[in-house]
There are 2 protein chains.
Amino acid sequence: MTIQQNPTNKAIWPGIAGGAYKPLSNHDIKRIHSTALDVLENIGIAHPTPELLEYALPKGCIVGDDGRLKFPRALVEDIIASTKKQIPYYGVDPKYDFEVSGESVYTGTAGEAVNILDYKTQTYRPSKLTDLYDAARMVNQLDNIHILMQPFIATEHSEDLYNHDINIAYAQLAGTAKPFTLSISQPKHIDPIISLFDTFLGKEGAFLERPFCYILGCPIRSPLAFSKNNLAVLIKTAQLGLPTDSCVASQAGATAPAALAGAMVQTFAETLAGLCVVNLVRPGMPMCFGMWPFITDLRTGNFTGGSGEEALIISAAAQLCNYYGLITSGPAGMTDSKTMDAQAGYEKGITTSTVALAGSNIISFYPGMVGSLMAQSFEGMVIDNDMLGNVLRVVRGIEVTDETLSYDVIKETVYGQGHYLDHPQTYKLMRSEFVYPEMADRRLPEEWQKDGSKTIYDRAHEKVKEMLSNYYPDHIDPAADIRIRDNFPIKLKPADMKPGNGRWDKE
Amino acid sequence: MTIQQNPTNKAIWPGIAGGAYKPLSNHDIKRIHSTALDVLENIGIAHPTPELLEYALPKGCIVGDDGRLKFPRALVEDIIASTKKQIPYYGVDPKYDFEVSGESVYTGTAGEAVNILDYKTQTYRPSKLTDLYDAARMVNQLDNIHILMQPFIATEHSEDLYNHDINIAYAQLAGTAKPFTLSISQPKHIDPIISLFDTFLGKEGAFLERPFCYILGCPIRSPLAFSKNNLAVLIKTAQLGLPTDSCVASQAGATAPAALAGAMVQTFAETLAGLCVVNLVRPGMPMCFGMWPFITDLRTGNFTGGSGEEALIISAAAQLCNYYGLITSGPAGMTDSKTMDAQAGYEKGITTSTVALAGSNIISFYPGMVGSLMAQSFEGMVIDNDMLGNVLRVVRGIEVTDETLSYDVIKETVYGQGHYLDHPQTYKLMRSEFVYPEMADRRLPEEWQKDGSKTIYDRAHEKVKEMLSNYYPDHIDPAADIRIRDNFPIKLKPADMKPGNGRWDKE
């Protein structure tokens, strides 16, 4: 492999390049691509809005007798070629900035769940705004999670969408200094959210100069139809020049063909439609290409996010998109298990490692998400952060150089000490070649038994309490916070945002 | 990808071809290979026995002034080229026969642990002969485990090695009709074991005509020394024409270089030495190439089998060996967790999926093994069998054909019913495109909660009791069993081998 440029002296770092796993041949890729263009040209996408048509018709799109918007092959090819192939991600704190390109791999939470899995009772309870703030504080402390993508909604505000959207924006901003994303379904909420961020920054227009938050949506309702509000959000973000992750979550066997190749064709066509929208509005605009084919368990019709088929198809999607140079996101780390057990472990392990190895750029990985995206587990976030350490180490690969081939080290050892434990090479590589997990147990069985035979889930619960009881980021200036609270209906109380609030320190 | 030949109409089958994950470049591979040949030619292997020298010296090997056996480059190259590239595996029942070649993937238990993890007490207890018989009965019922490789020893007989070896041979034969392997360290025990198998078959010499059991050992003590007894076993099996899996379990940072590339160089050289021994004794003989570089946690010196580094290096080893056409085994599915929790799940999921995707032929996978190979969990075997379903489905890949691209299916659906649930393609592909797990939970959260919020580990315990309380294979003919018991010190009592023995049906 090409030797990875390591900007640190650690064993893993953000932006390690994937791509060593290639489930498809180049011939397969071209056939999927070509059939997807047939779909866009001949079948097209239903329910284009007048707003979209104003952009699309002058560029050569056609509305058929069937009312569907058809995209000429050459237009789609031109847009794939001309869309920008790098996307900057800005942290609230610039130390978390990075630019995504090529096959570099970053990770984010995601999911938009509606529940929290309670560790003690093993039941699902509705997720609340304070949970979102807490999840944001977790992400800020978890090294292997690079973006806070909205993991769940604030269910107590779900009736009043304006209140909801303003408050999730504030909760995530208050909890993390990393780049973050929000899922917003009402275009009219975007300007107030930007105004909130400008208030935080102390200057009108400051946010769009360095946007630390991207606004996401799913502009397609599979099969092959636009979703009105999300399409309007997509157009609005493109108008603003805000990059987005336009994700299309079809479901093979239900809203996409059961044949995995066919599900790829349709989902590629659908995601390309989103890329076309963005580039029709603003030529050359980059977009994180969220081609997210999901899988149906055909015995029940239930969605399954932890299956082998899911690992395979999202890996193939990453490879397909990389072939055309697109910046991709891929939904890995889901599980159908309802709790953080061995099933959650292996389903998350398999989907995440394959997708990362295939070179998905933004692993819209679901740290802590359980129950087929129905609930978030705080303990799971801690466990999955550890797991990501293993995955990223695999993705990094093995550097083969004169030095690492170690002929002289072997010779010295064989004719010398007989083992490598004390060799200078071993000391030198101790931190740069090996990842040391924080939660994974590597003790002797006796030590584990003496410590109460705990599972990693038990230990993670202790860790969550430790991480959340005392860690309160303070990157919102108190004066700015007063201005924000004066201008927006902020529901998080200052008392919720400091020790003694009773959520994690009461136990 | 090349479309896989599916001999069944199921979604997965034994012998699916891997190879889509390639952690190394061809240039890397050639450099590792070349440096390993330097090691064999110049540093060589310590402690060659007189028996080995009789074979080795006439073929051009040299004993240096340092007493080490050096292998000329050309000899090693010739042996790599001329060793047979297929290995037949015979079931006790011929319906389990298969031949390993190319990048086809099969799985087996393995580990030689010394403990059983008790589900109820969460403690480790010594493994016994009846446990081995029970584990063999489990493998016979688990579809995704193709070979019973000896998972643990019978600790109560470990003082008397003859009794031990005869009894583990009998226990595994009695419990499974699949191909199996034994780890035997005394060459003088091999003839009696073969005699036992001949007695089972009712004819002297019958076993070697269709050997359903291969005898394994680790002929190398890293770094770069022969292990006397295991070397003698290797020579003996080669003399008999019995293929073997000669595995070399070095440990990067302790008995091999800390640089992963260097650990590969040394372990490749060591495993090649085993291949040379086999082919010096019997030219052209195939050998399962067990290049098993392990990893050390350098903070403690403990072995870690569940790390990202382990997944990476065994995947790279599989790719390296496949490049030279060697039939390989690879140690995946280990975990450092002491129990079957989320850590066990993700460590097993990551190592197993990457190694399978790299095309290791015999995944000497550790179903149910926990605690860095210290203990076997029966529940874990059931869980890992399910996990293997996901892994093998990923390895199979996506078939891209006119039919699977589904253009017409998409068109019919978009202009027709609007969903794919009832489409004839969906019905047709329901069983052949998708794997349905047996243990993994895909229910709705309410159903899971109503059923007691159990983990997969809890459900697996119920399953183990069901599988072991009533399933007693009867492929040993009663008359043959009497002859075996007359001639060998068989410790498993007939009462241990039928319902009511109190091991699994007492609860």
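In what follows, the structure referred to is the one given above.
Residues numbered from 1 in each chain as written. Chains lettered and ligands numbered in written order. Predicted model: local features only at pLDDT ≥ 70, side-chain atom pairs only at ≥ 80, totals over all residues. Heavy atoms only, no water.

*Asks:* So what's going on with the overall build of chain A? Which residues, and what values?
*Replies:* Within chain A one finds 18 helices and 22 strands. Counting only C-alpha atoms, chain A reaches 80 × 55 × 50 Å along its principal axes. Classification of the 507 residues of chain A by burial places 68% in the buried group. Expressed as a percentage of contacts within chain A between residues at least 6 apart in sequence, the contacts between residues at least 24 apart total 75%. A total of about 16,400 Å² of accessible surface is found on chain A, and carbon and sulfur atoms cover 51% of it. (Helix = DSSP H or I, 4+ residues; strand = E, 2+ residues; numbered from the N terminus. Buried < 20%, exposed > 50% of the residue type's maximum accessible area, 1.4 Å probe, protein only. Contact = heavy atoms within 4.5 Å. Areas by Shrake-Rupley, 256 points an atom, 1.4 Å probe, with all protein chains shown as cover.)

*Asks:* I'd like a description of the sheet that holds strand β22 (residues 375–376) of chain A, backed by residues and values.
*Replies:* Working definition: the strands of a sheet are paired by backbone hydrogen bonds and lie parallel or antiparallel to each other. Residues and elements named next belong to chain A. Spatially, the 4 strands line up as an open sheet ordered β8-β7-β22-β21, and their pairing is mixed. On the outer flanks of this sheet lie β8 (123–126) and β21 (369–370), each paired with one strand and no other. With 2 bridges connecting them, β21 and β22 associate as antiparallel partners. Residue pairing in the sheet places Met369 in a bridge with Gln376 of β22. (Pairing = 2+ DSSP bridges.)

*Asks:* Let's hear about the pairing of strand β11 (residues 213–216) of chain B: which residues, and what values?
*Replies:* Residues and elements named next belong to chain B. Burial along β11 is two-sided: Cys213 and Ile215 facing one way and Tyr214 and Leu216 facing the other are all buried. Pairing analysis gives 4 bridges linking strand β10 (residues 180–183) to β11, with the strands arranged parallel. Residue pairing in the sheet places Thr181 in a bridge with Tyr214 of β11.

*Asks:* Mind laying out the relation of the copies chain A and chain B, listing which residues take part and the relevant values?
*Replies:* With an axial shift of 0.0 Å and an RMSD of 0.0 Å, the rotation relating chain A to chain B amounts to 180°. On the angle and the small slide along the axis, the relation comes out as a two-fold axis. Of the interface residues in chain A, 100% have counterparts in chain B that sit at the interface too, so the contact is made through matching surfaces. (Least-squares fit on C-alpha atoms with pLDDT ≥ 70 in both.)

*Asks:* Run through helix α10 (residues 308–323) of chain B, naming residues and quoting values.
*Replies:* Residues and elements named next belong to chain B. For α10, spanning 16 residues, the distance from its first C-alpha to its last is 23 Å, which sits close to the expected 22 Å at 1.5 Å a residue. Judged by how many residues are buried, α10 sits mostly within the fold: 15 of 16 residues are covered. Among the residues trailing α10, Gly325 stands out with phi positive, at a value near 75°. (Expected span 1.5 Å × (residues − 1).)

*Asks:* Lay out the interface of chain A and chain B in plain terms, naming residues and giving numbers.
*Replies:* Facing 115 residues of chain A, the contacting portion of chain B comprises 115 residues. For the pair chain A and chain B, the summed buried area comes to about 9,900 Å², and 67% of that belongs to carbon and sulfur atoms. Looking only at chain A, the three residues that lose the most surface to chain B are Tyr346, Ile398 and Arg442 of chain A, adding up to 8% of its buried area. A salt bridge links Arg31 of chain B to Asp402 of chain A; the nearest nitrogen and oxygen atoms lie 2.2 Å apart. The interface formed by chain A and chain B holds 38 residue pairs in polar contact (both at pLDDT 80 or more) in total. Sort the elements by how many residues they give to the side of chain A that touches chain B and helix α11 (residues 342–357) of chain A lands first, with 10 residues. The residue inventory of the side of chain A that touches chain B, partitioned by class, reads 56 nonpolar, 34 polar and 25 charged. (Buried area = accessible area lost by both parts, 1.4 Å probe. Salt bridge = Lys/Arg side-chain N within 4 Å of Asp/Glu carboxyl O. Polar contact = N/O pair within 3.5 Å; in protein donor to acceptor, adjacent residues only side chain to side chain. Nonpolar A, V, L, I, M, F, W, Y, C, P; charged D, E, K, R; others polar.)

*Asks:* Explain the sheet that holds strand β10 (residues 180–183) of chain A to me, and be specific about the residues and the numbers.
*Replies:* Residue and element names in this part refer to chain A. The sheet built from 3 strands is open, its strands ordered β9-β10-β11 with parallel pairing. Here the strands that pair on one side only, and so sit at the sheet edges, are β9 (148–149) and β11 (213–216). Pairing geometry for β9 and β10, over 2 bridges, is parallel. Looking across to β10, one finds that Met149 is bridged to Thr181.

*Asks:* Describe the side chain of Lys348 of chain B, naming the residues involved and giving the relevant values.
*Replies:* Residue and element names in this part refer to chain B. Its place among the elements puts Lys348 in helix α11 (residues 342–357). When its relative accessible area of 0% is taken as the criterion, Lys348 is described as buried. In this structure, Lys348 is in contact with Gly333, Met334, Thr335, Met340, Tyr366, Pro367, Gly368, Met369, Asp384 and Met387, ignoring residues within four places of it in sequence.

*Asks:* Tell me what's going on with the state of the cysteines, and back it up with residues and numbers.
*Replies:* According to the stated counting rule, one finds 0 disulfides over all chains in the structure shown. With no disulfide of its own, Cys288 of chain A lies closest to Cys247 of chain A among cysteine sulfurs, the gap being 9.2 Å. Assessed through its relative accessible area of 0%, Cys288 of chain A is described here as buried. Cysteine Cys276 of chain B remains unbridged, with the sulfur of Cys61 of chain B as its closest cysteine sulfur at 6.7 Å. (Disulfide = S-S within 2.5 Å.)

*Asks:* Just give me the short version of the packing of helix α4 (residues 129–141) of chain A against helix α17 (residues 456–470) of chain A, but keep the residues and values in it.
*Replies:* Residue and element names in this part refer to chain A. The interhelical angle for the contact between α4 and α17, taken along N-to-C directions, is 100°, at an axis separation of 10 Å. As the angle between them shows, α4 and α17 are arranged roughly perpendicular. Contacts between α4 and α17 involve Asp134, Arg137, Met138 and Gln141 on the former and, on the latter, Val464, Met467 and Leu468. The class makeup of the residues in the contact of α4 with α17 is 4 nonpolar, 1 polar and 2 charged. (Axes fitted to C-alpha atoms, helices over the stretch in contact; angles between N-to-C directions. Parallel < 35°, antiparallel > 145°, perpendicular 65-115°, else oblique.)

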